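What the coordinates show
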Amino acid sequence: MSSPVPVLSFSPVVLSVPGRPVDLQVRVSVPATGTGLPVILLSHGHGPSHHLSSLHGYAPLADFWAARGFAVVQPTHLTSRTLSHLVADAPGAPDFWRSRAEDMTHVLDRLDEIEKAVPQLAGRIDPAKIALAGHSLGGFTAALLLGAGLKDPDTGDVVHLADPRIKAGVLLAAPGRGGEVFNGPMAEQWPIIGAVDFSTMTTPALVVVGDQDDPRHFTDMGPDWHADPYTLAPAPKTLLTLFEAEHGLGGIAGYDAAETTDENPERVAALARLTAAYLHTRLHPGSPAWQTACAALTSGAAPVGRVESK
């Protein structure tokens, strides 16, 4: 994995999508130098902040990844609070589960257009090396694109929105299973969260959970619920459990975000390094980046977490 370099960030790149109530806007962050850049699509969560649930969020991850050789593409999904006044009555509101996944497919369909729209980017992306990351509700979206099925609450049909162009994923504090354990006070308001079937999520993925991330609003399972995308999905999967981390995983949604209940810059830095290393090794088979990062950060006297794989 390359040494960090300065980052260029360009937004918004505006894509007109037929049938979408507003244009799809994305931010693109890339290293100032380098070619053959692998791509990370980054799906934002929901969250209480107004602007972080959009292309404006997740700078602690996007900046780190871009500085180390990735092209990071961040769409503003229709669930963003920045759009709520425009799309409240649109079909699919308020969860826009299908639209969120389709946003990523639209980005991949028009990656060449995005590449040409960003200054100094033309010809520098490797369209064969595509990864996907998502936090919280973004992890739900990522699961669908990595192969998980979903029972459409309107039709009862099982829907599959997997995109085979995506070669690896990172699920950050993603929701877990439905069924009997989906018994918290928010379960009735967000039934779509519990409608996911992870048994078909075949794309390689790193599932990241905080051992203090208590999802009691959805379930009484405790933090283990967030490990379901690892536990219930087929191999190859890797689970990274971060010690003392809550739902914000130390503050990945934004720099100095007031909503972060467990602010810890060192944890965020470690997570950024580990996720970058995992994706680098997945997209460049044979690279020692993941093994090196794990040895440095999950062993010794003060490990940030533990790793298991299947």
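Look a little higher up for the structure.
What comes next is a walk through the structure. Residues take numbers from 1 onward in each chain, read along the sequence in its written order. Residue-level local features of this predicted model are given only where pLDDT is at least 70; pairs of side-chain atoms are given and counted only at 80 or more, and the full residue set underlies all totals for whole chains, interfaces and linings. Side-chain numbers come from the whole structure's heavy atoms, not from hydrogens or water.

**Brief notes about the overall build of the protein**
The way it works is that DSSP assigns letters per residue, a run of H or I at least four long becomes a helix, a run of E at least two long becomes a strand, and they are numbered from the N terminus. The secondary structure content of the protein amounts to 8 helices and 12 strands. Put simply, the radius of gyration uses C-alpha atoms, and a globule should come to 2.2 Å times the residue count raised to 0.38. Whereas a compact globule of 310 residues would reach a radius of gyration of roughly 19 Å, the protein reaches 18 Å, a difference of no more than 12%. For the protein, the C-alpha atoms occupy an extent of roughly 50 × 50 × 35 Å along the three principal directions. A buried classification covers 56% of the 310 residues belonging to the protein. In the protein, the share of contacts with a sequence separation of at least 24, taken over all contacts with a separation of at least 6, comes to 72%. For the protein, the accessible area works out to roughly 12600 Å², and carbon and sulfur atoms hold 53% of it. Each residue is assigned to one of three classes by its accessible area relative to the maximum for its type, calculated with a 1.4 Å probe on protein chains only: buried under 20%, partly exposed between the two thresholds, exposed over 50%. In what follows, a contact means two residues having at least one pair of non-hydrogen atoms within 4.5 Å. The Shrake-Rupley method, run with a 1.4 Å probe sphere, supplies the accessible areas, and residue values consider only the shown protein chains as cover.

**A short note on the pairing of strand β8 (residues 168–172)**
Burial runs high along β8: 5 of the 5 residues are buried. The alternating pattern of β8 places Ala168, Val170 and Leu172 and Gly169 and Leu171 on opposite faces, both of which are buried. Examined bridge by bridge, strand β5 (residues 125–135) and β8 share 5 bridges and lie parallel to one another. The residue of β8 that forms the bridge with His135 is Leu172. Pairing between strands requires that DSSP locate at least two bridges from one strand to the other. Sheet topology note: the β8/strand β10 (residues 205–210) ladder contains 4 bridges and is parallel. Paired with Leu172 across the strands is Val208, a residue of β10.

**With respect to the environment of Glu308**
With respect to the secondary-structure elements, Glu308 resides in strand β12 (residues 305–309). Glu308 sits 68 residues away from Leu240 along the chain, and the two C-alpha atoms are 6.8 Å apart. Excluding anything up to four places from it in sequence, Glu308 contacts Tyr230, Lys237, Thr238 and Leu239.

**Considering the packing of helix α3 (residues 97–109) against helix α5 (residues 137–145)**
One way to put it is that α3 packs onto α5 with a least axis distance of 9 Å and a crossing angle of 65°. Classed by the angle they form, the pair α3 and α5 counts as roughly perpendicular. The handedness of the crossing between α3 and α5 is right-handed. Within the contact between the two elements, α3 uses Trp97, Arg100, Ala101, Met104 and Thr105 and α5 uses Leu137, Gly138, Phe140, Thr141, Leu144 and Leu145. All axes are obtained by fitting lines to C-alpha atoms, using only the stretch in contact for helices, and the reported angles, taken between N-to-C directions, cover 0 to 180 degrees. Small angles under 35 degrees read as roughly parallel and large ones over 145 as roughly antiparallel, with 65 to 115 read as roughly perpendicular and the rest as oblique. Less than a right angle of anticlockwise turn of the near helix away from the far helix marks a crossing as left-handed, whereas a clockwise turn marks it as right-handed.

**Re α3**
Relative to the 18 Å expected for 13 residues at 1.5 Å per residue, α3 spans 19 Å between its end C-alpha atoms, a close match to the ideal helical length. Looking at α3, one finds that the buried residues are Trp97, Ser99, Arg100, Ala101, Asp103, Met104, Val107 and Leu108. Given the number of residues in a helix, its expected span is that number minus one, multiplied by 1.5 Å.

**Details of the packing of aromatic side chains**
When two rings of Phe, Tyr or Trp (its six-membered ring) have centres within 6.5 Å they constitute a pair, described as stacked for plane angles under 30 degrees, edge-to-face for angles over 60, and tilted for the intermediate range. A full pass over the atoms with the stated rule returns 4 aromatic pairs. Between Phe182 and Phe218 the ring centres are 5.7 Å apart and the planes differ by 10°, which places this aromatic pair in the stacked class. Highlighted residues: Phe182 in the loop between β8 and β9 (196–197) and Phe218 in the loop between β10 and α6 (228–231), separated in sequence by 36 residues. On the basis of relative accessible area, Phe218 is assigned to the buried category, the value being 12%. On the numbers, 5.5 Å between centres and 85° between planes, the contact of Tyr278 with Trp290 is edge-to-face. Here Tyr278, found in helix α7 (residues 265–283), pairs with Trp290, found in helix α8 (residues 289–297); they are 12 residues apart in sequence, far enough to count as distant.

**Some points on the pattern of salt bridges**
The term salt bridge refers to a side-chain nitrogen of Lys or Arg lying within 4 Å of a carboxyl oxygen of Asp or Glu. Evaluated as defined, the whole model comprises 9 salt bridges. With a shortest N-O distance of 3.3 Å, Lys129 and Asp126 are connected by a salt bridge. The residue Asp228 makes a salt bridge to Arg177 at a minimum N-O spacing of 2.9 Å. Placement of the pair is Asp228 in helix α6 and Arg177 in the loop between β8 and β9, with a sequence separation of 51 residues. The exposure class assigned to Asp228 is buried, which follows from its relative accessible area of 1%. For Arg177, a relative accessible area of 28% corresponds to the partly exposed category. Connected via shared salt-bridge partners are Asp109, Asp163 and Arg165.

**Considering unusual backbone geometry**
Trans peptide bonds make up most of the peptide bonds, and negative phi angles are found at most residues other than glycine. Cis rather than trans, the peptide bond between Ser11 and Pro12 has omega equal to -10°. Mapped onto the fold, Pro12 is located in strand β1 (residues 7–15). Here the amide bond leading from Ala93 into Pro94 is cis, since omega sits at 0°, within 30 degrees of zero. Along the chain, the position of Pro94 falls in the loop between α2 (84–87) and α3. Positive phi, normally seen in glycine, also occurs at Tyr58, with a value near 65°. Inspection of the secondary structure assignment puts Tyr58 in the loop between β3 (37–43) and α1 (59–67). A positive phi angle, near 65°, is found at Glu244, a position not held by glycine. Here Glu244 is to be found in the loop between β11 (237–242) and α7.

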